Amino acid sequence: DTKDLQEKSRIMKKLLAEIEQCTVCAPHLPLGPRPVLQVSPQARILIAAQAPGRKVHETGIPFYDASGDRLREWLGVDHQVFYNARKIAILPMGFCYPGRGKTGDLPPRPECAKTWHSKVLAHLKNVRLTLVIGRYALAYHIPHLKHNFTLTAVVKSWRSYLPGIIPLPHPSPRNSIWLKRNPWFEEEVLPAMRKRVEDIL
């Protein structure tokens, strides 16, 4: 079994090396490519996110920002657990910072998921819970959603996606208004999610 794990890790390492060299979206990236993700064949929880922000692009560490602080609080885990790839995989829809638009960061580049996601997900066989953050990740990981779905409606029906998926709003400070308007999220979803995360880890 150790041999099997070593082989899986070797294949994953090779794939990550390929991703690191990726330039598929380079012409569209204002700061150039710098793929940020965290994966291991042993991971039991997958965080399916949107795309790195500028701060994350600068450090190369996923969720190393205010959104990450809130997300770790939501999950009830510390930095040590969160950044242990054997426990938690972090796979954004776009691996590189897409740049800024009028109202915030631009959407994840679509080429990224088309090029890499099925290849990476094929190696994440031990994942028991996928936390799906934001519209783009929801559309990819829950493909039967109608194209005009609202994030609030999907998150509100979170129980129907258990045990394998929990849909989440983005933990960005920009979403504080949404959280104030939807107190049920912190009252119902977060305690259930923390318990599930604790049980799996």
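The notes below deal with the structure included here.

Each value, and the rule that gives it
Residues numbered from 1 in each chain as written. Predicted model: local features only at pLDDT ≥ 70, side-chain atom pairs only at ≥ 80, totals over all residues. Heavy atoms only, no water. Core = buried A, V, L, I, M, F, W, Y, C linked by side-chain atoms within 4.5 Å. Buried < 20%, exposed > 50% of the residue type's maximum accessible area, 1.4 Å probe, protein only. Helix = DSSP H or I, 4+ residues; strand = E, 2+ residues; numbered from the N terminus. Contact = heavy atoms within 4.5 Å. Axes fitted to C-alpha atoms, helices over the stretch in contact; angles between N-to-C directions. Parallel < 35°, antiparallel > 145°, perpendicular 65-115°, else oblique. Nonpolar A, V, L, I, M, F, W, Y, C, P; charged D, E, K, R; others polar. Expected span 1.5 Å × (residues − 1). Salt bridge = Lys/Arg side-chain N within 4 Å of Asp/Glu carboxyl O.

### A few points about the nonpolar core
Thinking step 1. Ranked by internal contacts, the top residues of the largest apolar core, which has 41 residues, are Ile47, Leu75, Phe82, Leu131, Phe185 and Met193.
Thinking step 2. In terms of residue count, helix α9 (residues 183–200) provides more of this core than any other element does, seven residues in total.
Thinking step 3. Beyond its immediate chain neighbours, meaning those up to four positions away, isoleucine 47 contacts Phe63, Leu71, Leu75, Phe82, Ile88, Ala89, Ile90, Leu91, Leu131 and Ile133.
Thinking step 4. Formed by 15 residues, the second largest nonpolar core is a distinct cluster that contains Cys22, Leu37, Val39 and Leu124.

### Structural notes on the packing of helix α3 (residues 66–75) against α9
Thinking step 1. Look at α3 against α9: their axes get within 8 Å of each other, and the N-to-C directions meet at 75°. In this view, α3 runs roughly perpendicular relative to α9, as classed from their interaxial angle. Residues Glu73, Trp74 and Leu75 of α3 lie in contact with α9, whose contacting residues are Phe185, Glu186, Leu190, Met193, Arg194 and Val197.
Thinking step 2. When the residues that make up the contact of α3 with α9 are grouped by side-chain class, the tally is six nonpolar, no polar and three charged.

### Regarding helix α5 (residues 110–121)
Thinking step 1. The first and last C-alpha atoms of α5 sit 16 Å apart over 12 residues, in line with the 16 Å expected at 1.5 Å per residue.
Thinking step 2. Residues Glu111, Cys112, Ala113, Trp116, His117 and Val120 constitute the buried set of α5.
Thinking step 3. The elements touched by buried residues of α5 are α1 (2–20), β2 (88–92) and α6 (134–141).

### A word on unusual backbone geometry
Thinking step 1. Of note, the amide linkage connecting leucine 162 to proline 163 takes the cis form, showing an omega dihedral of 0°.
Thinking step 2. Mapped onto the secondary structure, proline 163 falls in the loop between α7 (151–156) and β4 (165–168).

### Focus: the pattern of salt bridges
Thinking step 1. By the definition in use, this model includes nine salt bridges.
Thinking step 2. Across the pair glutamate 188 and arginine 159 runs a salt bridge, and its minimum N-O distance is 3.7 Å. Separated by 29 residues along the polypeptide, glutamate 188 in helix α9 and arginine 159 in the loop between α7 and β4 bring together distant segments of the chain.
Thinking step 3. Residue arginine 159 is classed as exposed on the basis of its relative accessible area, which comes to 52%.
Thinking step 4. Between aspartate 199 and lysine 195 there is a salt bridge, with the nearest N and O atoms lying 2.9 Å from each other. Here the residue aspartate 199 and the residue lysine 195 both occupy positions in helix α9, the gap between them amounting to four residues, near one helical turn.
Thinking step 5. Looking at lysine 195, the relative accessible area reads 47%, which means it is partly exposed.

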